[in-house]
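So the chains spell out like this:
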Amino acid sequence: MGHEIRRARPDDYDSIIGVVDNWWGRAAVHNLPRMFLDHFHRTSLIASDDNGISGFLVGFGSPSDPRSAYIHFVAVRPDARKAGLGRSLYEAFFTIARSDNRTTVTAITSPANYTSIDFHRSLGFTVAGPVPDYNGPGRALITFSRPV
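On a predicted model such as this, the values are computed, not experimentally measured, just so you know.

1. Focus: the overall build of the chain
- On a plain count of helices and strands, the chain comes out with 5 helices and 7 strands.
- Shown N-terminal to C-terminal, the secondary structure of the chain runs as helices and strands in the order β-α-α-α-β-β-β-α-β-α-β-β.
- Along the first, second and third principal axes, the C-alpha atoms of the chain reach 40 × 35 × 30 Å.
- Relative to its full complement of 148 residues, the chain shows a buried share of 39%.
- Considering only contacts in the chain between residues 6 or more positions apart, those separated by 24 or more positions represent 60%.
- Split by element, the accessible area of the chain, about 7,900 Å² in all, is 51% carbon and sulfur.

2. Description of the nonpolar core
- One finds L57, I71, L89, Y90, F93, V105 and F125 to be the most contacted residues of the largest nonpolar core, which totals 21 residues.
- Only β2 (45-49), β4 (68-76), α4 (85-99), β5 (104-109) and β7 (141-147) provide two or more residues apiece to this core.
- In this view, L89 contacts I5, L45, A47, G55, F56, L57 and V76; residues no more than four positions away in its chain are not counted.
- With 18 residues, the next largest nonpolar core counts I17, L32, F60 and A75 among its residues.

Parameters at a glance
Residues numbered from 1 in each chain as written. Predicted model: local features only at pLDDT ≥ 70, side-chain atom pairs only at ≥ 80, totals over all residues. Heavy atoms only, no water. Helix = DSSP H or I, 4+ residues; strand = E, 2+ residues; numbered from the N terminus. Buried < 20%, exposed > 50% of the residue type's maximum accessible area, 1.4 Å probe, protein only. Contact = heavy atoms within 4.5 Å. Areas by Shrake-Rupley, 256 points an atom, 1.4 Å probe, with all protein chains shown as cover. Core = buried A, V, L, I, M, F, W, Y, C linked by side-chain atoms within 4.5 Å.

What follows is the structure, encoded as structure tokens:
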């Protein structure tokens, strides 16, 4: 079954927020406020197949660093995993970043998220950390960076 990837629209928010906790296996809606699709839909992506939304990526170009783009949130429907959809979403985002003259894509994750760390390594990201206090006192995170 093929997946179509397109740019997100603000009205995609209700569909993705309705599945994100289930797809992540824990509460995650607090990490994805509506403002991300209201303001960054042009650089965010939705994947779909015959069963509806199969994945999404929320990312944007840094407003402070014209060379950098950031991937904030990615999820793939559990039955669509292990088929390269996550990689396809990242590659589509890299294309958007390059077309916006961005040269680096960054992301972060929890030090306990070994699946994400391995996935980012497989895509050629440099992995650093855990960076102590990255997200406030006692909140270490792993950072990822990749030239595009």
